[in-house]
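Here's the letter readout for the chains.
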Amino acid sequence: MVRDLTIGQYYPGDSLLHKTDPRVKIVLTLVFIFVIFFCKNFFSLGLMIAALLVGVFLSRVPLKMILKSMKAITFIIIITALLNLFYTTGGNVLVKYKFITITDTGVYTAIFVAVRILALIVGSTLLTYTTTPTMLTDAIEQLLKPLKVFHVPVHTLAMMMTLALRFIPTLIEEIDKIMNAQKARGADLESGGLLQRAKALVPILIPLFVSSFRRAYELAFAMECRCYTGGEGRTRMKQMKLKGLDSILIVGCAVLLGGVIALNLFFKTYNLG
Amino acid sequence: MEKIIEYKDVTFRYEGEDEAHILPLTINGVTLNLEKGSFVAVLGRNGSGKSTLAKLTNAIHLPESGQVLVEGLDTRDEKNTDLIRRKVGMVFQNPDNQIVATIVEDDVAFGPENLGIEPKEIRRRVDDALKAVGMYDFRLAEPHKLSGGQKQRVAIAGILAMQTDSIVLDEPTAMLDPIGRREVLSTVLRLNRERGITVLMITHFMEEAAQAERVIVLDKGKVFLDGSPRDVFTQSEALKRCGLDVPQATGLAKALADSGIKIKTDVLNEEECIDAILTAYKE
Ligand SMILES: Nc1ncnc2c1ncn2[C@@H]1O[C@H](COP(=O)(O)OP(=O)(O)OP(=O)(O)O)[C@@H](O)[C@H]1O
Ligand SMILES: [Mg+2]
């Protein structure tokens, strides 16, 4: 079960989006998230959804994978939609039963919010599906480089991120092992009240800490043996260079942003919230 | 033959908890010359100082007295540390604790990236190294989804891509099943034969040591036996004294000889053992 865990959800491929500069992808994803929140009515949101679909098409990631990423948050979407459905006031009342009132604005808002969250999720998974974790952390390092002026250890932070991502599955496997070992010694992890169960975690966390430190120590040795001395003088196998493709994407997104503003203003009367 | 790693009367001890507790010498006067392009196996019981000896080769540990020279460079000179690590690569026992990146090819690229090599050349080296260990088809895989033997081969590729002249492996097969062990050992053997990479391999498996050109047995921080596998493994009494066994095939031949059968005892593997038994049988 643990082995199925995919970190960073990378989907290997050779599509246009895979080839896009990861820095551009990160910035554009942030812009996308911002613009999605900026959409005020179904027309502007529709434009963004259309753009998103183009993105999905360009990424060549199978729809099945995209749907999988949505599945994880179905619950959150339903809850948010329901809250909006019941708590939005104004508009024509559709249902009135005891303390429950549902208005048409409520229905619209609920759908609007649900679609919005879905778009956010799909947009950001598109980034992680098409970019390896190493590329992501490298790109973040590059983007944050200006902070070096303020003595922020940018490279170290990026390295920490890479190592954390790398060790998540290893540590999950380890927890699994320790839990089994403690159960074999008669530890009871499942019954009892909250406090008792929390206490039962101690014999799991302590070995985990000890072994993590041992791992860290060994890893540090291994990294030193491979001539790691920090960020100075390092090169990268995968270079990031802005290409024609990236500029097209950037321009495309700028046009989209303009489109959203125009649609927001033009269909002002349809704006929600 | 050209010397590539030299130990000159080396002693080493770990630092104790405080000044008052001085630990005994872990390496107690070792003098060794490793020849360029050779395949050397190091044996010895737990705590005999094998790992320590390995770590002395690339300046993780520095000798208390004596010298360790890597291609003529003294490890004690701090200026040499970086240079030495470009000449001697280390592979450790647990592959999980030496893989740095989340994608196989990115991990193999880690070493060359640290050396500041130009991107195109890194790409070339990474592909070459992955092909050499037979992991090219897995270049985009995530390390935690590989088997132990595959992970260890990725770790070896990571060192190979740095194009070091020698590789020191500290029990690289200790955590692997028989198939994984065979994968790793044959990879290392091939790299030694085809590319002339000097190999120093620590192991607890006699069958693995039997395939080396030279076997060094360490005991209590001293070189106890040193010679070709045939020379070393025929001294079963001496081996027993320092807590080691002979390869199964050798043991069988020896047991047969002890029970009065006239048989050749300097056999190292199954085939030689079968041959010896057949010859004895015919006579
Ligand atoms: N970090 C350390 N601090 C103090 N003593 C140590 C340290 N590492 C090893 N030792 C001691 O040094 C001696 C030799 O250790 P070393 O790890 O070299 O043995 P080894 O031959 O590799 O054993 P193994 O077969 O178990 O790997 C042991 O007695 C050990 O207790
Ligand atoms: Mg050891």
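Preceding block: the structure.
Rules behind the numbers
Residues numbered from 1 in each chain as written. Chains lettered and ligands numbered in written order. Predicted model: local features only at pLDDT ≥ 70, side-chain atom pairs only at ≥ 80, totals over all residues. Heavy atoms only, no water. Phe/Tyr/Trp six-rings, centres within 6.5 Å; stacked < 30°, edge-to-face > 60°. Buried < 20%, exposed > 50% of the residue type's maximum accessible area, 1.4 Å probe, protein only. Lys NZ or Arg CZ within 6 Å of the ring centre and 35° of its normal. Salt bridge = Lys/Arg side-chain N within 4 Å of Asp/Glu carboxyl O. Pairing = 2+ DSSP bridges. Helix = DSSP H or I, 4+ residues; strand = E, 2+ residues; numbered from the N terminus. Axes fitted to C-alpha atoms, helices over the stretch in contact; angles between N-to-C directions. Parallel < 35°, antiparallel > 145°, perpendicular 65-115°, else oblique. Left-handed = near helix turned anticlockwise from the far one by under 90°. Contact = heavy atoms within 4.5 Å. Nonpolar A, V, L, I, M, F, W, Y, C, P; charged D, E, K, R; others polar. Polar contact = N/O pair within 3.5 Å; in protein donor to acceptor, adjacent residues only side chain to side chain. Near = heavy atom within 4 Å. Areas by Shrake-Rupley, 256 points an atom, 1.4 Å probe, with all protein chains shown as cover. Core = buried A, V, L, I, M, F, W, Y, C linked by side-chain atoms within 4.5 Å.

Student: Provide a residue-level description of the packing of aromatic side chains, including the pertinent values.
Tutor: Overall, the coordinates contain 7 aromatic pairs over all chains when judged by the stated rule. Between Phe 12 of chain B and Tyr 14 of chain B the ring centres are 5.1 Å apart and the planes differ by 85 degrees, which places this aromatic pair in the edge-to-face class. What makes Phe 12 of chain B buried here is its relative accessible area of 8%. The rings of Phe 43, Phe 266 and Phe 267 of chain A are connected pair by pair, giving a single aromatic cluster. Positioned over the ring face of Phe 57 of chain A is Arg 60 of chain A, at 5.0 Å from the centre of the ring. The ring of Tyr 136 of chain B has Arg 139 of chain B sitting right over it, with the charged end atom 4.2 Å from the ring centre.

Student: How would you sum up the pattern of salt bridges? Please name residues and give values.
Tutor: Summed over the entire model, instances satisfying the criterion amount to 31 salt bridges over all chains. For the salt bridge of Glu 6 of chain B with Lys 3 of chain B, the shortest nitrogen-to-oxygen distance reads 3.7 Å. Judged by its relative accessible area of 12%, Glu 6 of chain B is buried. Lys 3 of chain B sits in the partly exposed class, given a relative accessible area of 44%. One network of salt bridges, with partners in common, ties together Lys 238 of chain A together with Glu 105, Asp 106, Arg 123 and Asp 127 of chain B.

Student: Let's hear about the pairing of strand 2 (residues 100-103) of chain A: which residues, and what values?
Tutor: Residues and elements named next belong to chain A. In the sheet, strand 1 (residues 93-97) pairs with strand 2 via 4 bridges, with the strands oriented antiparallel. Its bridge partner lying in strand 2, Val 95 is registered against Ile 102. Counted between consecutive antiparallel strands, the loop separating strand 1 from strand 2 contains 2 residues, among which Lys 98 sits at a positive phi close to 50 degrees.

Student: Quick rundown of the packing of helix 8 (residues 154-184) of chain A against helix 9 (residues 194-225) of chain A? Include the residues and the values.
Tutor: Residues and elements named next belong to chain A. For the pair helix 8 and helix 9, interaxial distance at closest approach is 10 Å and the crossing angle is 140 degrees. As far as their axial angle goes, helix 9 and helix 8 are oblique. In the packing of helix 8 onto helix 9, the handedness of the crossing is right-handed. On helix 9, the residues that touch Met 159, Leu 163, Phe 167, Thr 170, Leu 171, Glu 174, Ile 175, Ile 178, Met 179 and Gln 182 of helix 8 are Pro 203, Ile 204, Pro 207, Leu 208, Ser 211, Ser 212, Arg 215, Leu 219 and Met 223. Among the residues making up the contact of helix 8 with helix 9, the classes are represented as 13 nonpolar, 4 polar and 2 charged.

Student: Pulling in residues and values, what's your account of the interface of chain B and chain A?
Tutor: Taken together, the contact pairs 42 residues of chain B with 37 residues of chain A. Here chain B and chain A share 6 salt bridges between them. Linking Lys 238 of chain A and Asp 106 of chain B is a salt bridge whose minimum nitrogen-to-oxygen distance equals 2.7 Å. For the interface between chain B and chain A, the tally reads 16 residue pairs in polar contact (both at pLDDT 80 or more). If you list the elements that add at least two residues to the side of chain B that touches chain A, you get helix 2 (81-87), helix 3 (104-114), helix 4 (119-132) and helix 5 (148-160) of chain B.

Student: Tell me about the sheet that holds strand 2 (residues 27-35) of chain B, residues and numbers included.
Tutor: Residues and elements named next belong to chain B. Reading across the sheet, the 4 strands line up as 2-1-4-5 and stay open at both edges, with antiparallel pairing between neighbours. Every other strand in the sheet has two partners, leaving strand 2 and strand 5 (73-74) as the edge strands with one partner each. In the sheet, strand 1 (residues 3-12) pairs with strand 4 (residues 65-70) via 5 bridges, with the strands oriented antiparallel. Opposite Tyr 7, over in strand 4, you have Val 68 as the bridge partner. Contacting strand 1, strand 2 and strand 4, helix 1 (residues 50-57) runs over the sheet at an angle of about 120 degrees to strand 1.

Student: Break down the site of ligand 1 for me, citing the residues and quoting the values.
Tutor: Residue and element names in this part refer to chain B. If you check the shell around ligand 1, you find 13 residues, and the closest are Asn 46, Gly 47, Lys 50, Ser 51 and Thr 52. Take Thr 52: an N or O atom from its side chain is 2.4 Å from an oxygen atom of ligand 1. Within the contact set of ligand 1, an oxygen atom lies 3.0 Å away from a side-chain nitrogen or oxygen of His 204. When ligand 1 is considered free in solution it has 630 Å² of accessible area, and contact with the protein chains removes 60% of it. Across the shell around ligand 1, the residue classes break down as 2 nonpolar, 8 polar and 3 charged.

Student: Report on the environment of Ala 187 of chain A, specifying residues and quantitative values.
Tutor: Residue and element names in this part refer to chain A. With respect to the secondary-structure elements, Ala 187 resides in the loop between helix 8 and helix 9. A relative accessible area of 29% places Ala 187 in the partly exposed class. Between the C-alpha atom of Ala 187 and that of Ile 204, which follows or precedes it by 17 residues, the distance is 9.9 Å.

Student: A description of the nonpolar core should follow, citing residues and the corresponding values.
Tutor: Considering soluble globular proteins, one finds that nonpolar side chains tend to be buried as a cluster. Residues and elements named next belong to chain B. With 54 residues, the main nonpolar core has Val 217 and Phe 233 as its most contacted residues. It is helix 5 that provides the largest number of residues to this core, a total of 6 residues. Sequence-distant contacts of Val 217, defined by excluding residues within four places in its chain, comprise Leu 43, Lys 222, Val 223, Phe 224, Leu 225, Val 232, Leu 239, Cys 242 and Leu 244. Core analysis: the second largest hydrophobic core is formed by 30 residues, Tyr 7, Val 68, Ile 84 and Phe 92 among them.

Student: Describe the side chain of Arg 166 of chain A, with residues and values.
Tutor: Mapped onto the elements, Arg 166 of chain A comes out in helix 8. At a separation of 2.8 Å, a polar atom in the side chain of Arg 166 of chain A contacts the side chain of Thr 170 of chain A. Polar side-chain contacts of Arg 166 of chain A include one of 2.5 Å to the backbone oxygen of Asp 96 of chain B.

Student: Lay out unusual backbone geometry in plain terms, naming residues and giving numbers.
Tutor: One non-glycine residue, His 151 of chain A, lies in positive phi territory at about 60 degrees. Looking at the secondary structure, you find His 151 of chain A in the loop between helix 7 (133-144) and helix 8. If you check the backbone angles, Lys 220 of chain B has positive phi at about 45 degrees while not being a glycine. The topology assignment puts Lys 220 of chain B in the loop between strand 9 (214-219) and strand 10 (222-227). We classify Lys 220 of chain B as exposed; its relative accessible area is 63%.

Student: Report on the sheet that holds strand 8 (residues 198-202) of chain B, specifying residues and quantitative values.
Tutor: Residues and elements named next belong to chain B. The strand order across the open sheet formed by 6 strands is 6-7-8-3-9-10, and the pairing between neighbours is mixed. Both outer strands of the open sheet, strand 6 (88-91) and strand 10, are each paired with one neighbouring strand and no more. In this sheet, adjacent strand axes meet at a mean angle of 20 degrees when their direction is disregarded. Here 5 bridges tie strand 9 to strand 10, and the two strands are oriented antiparallel to one another. The residue bridging Val 217 from the neighbouring strand is Leu 225, located in strand 10. Set on the sheet, helix 6 (residues 178-195) makes contact with strand 3 (39-43), strand 7 (166-170) and strand 8; between it and strand 8 the angle comes to about 155 degrees.

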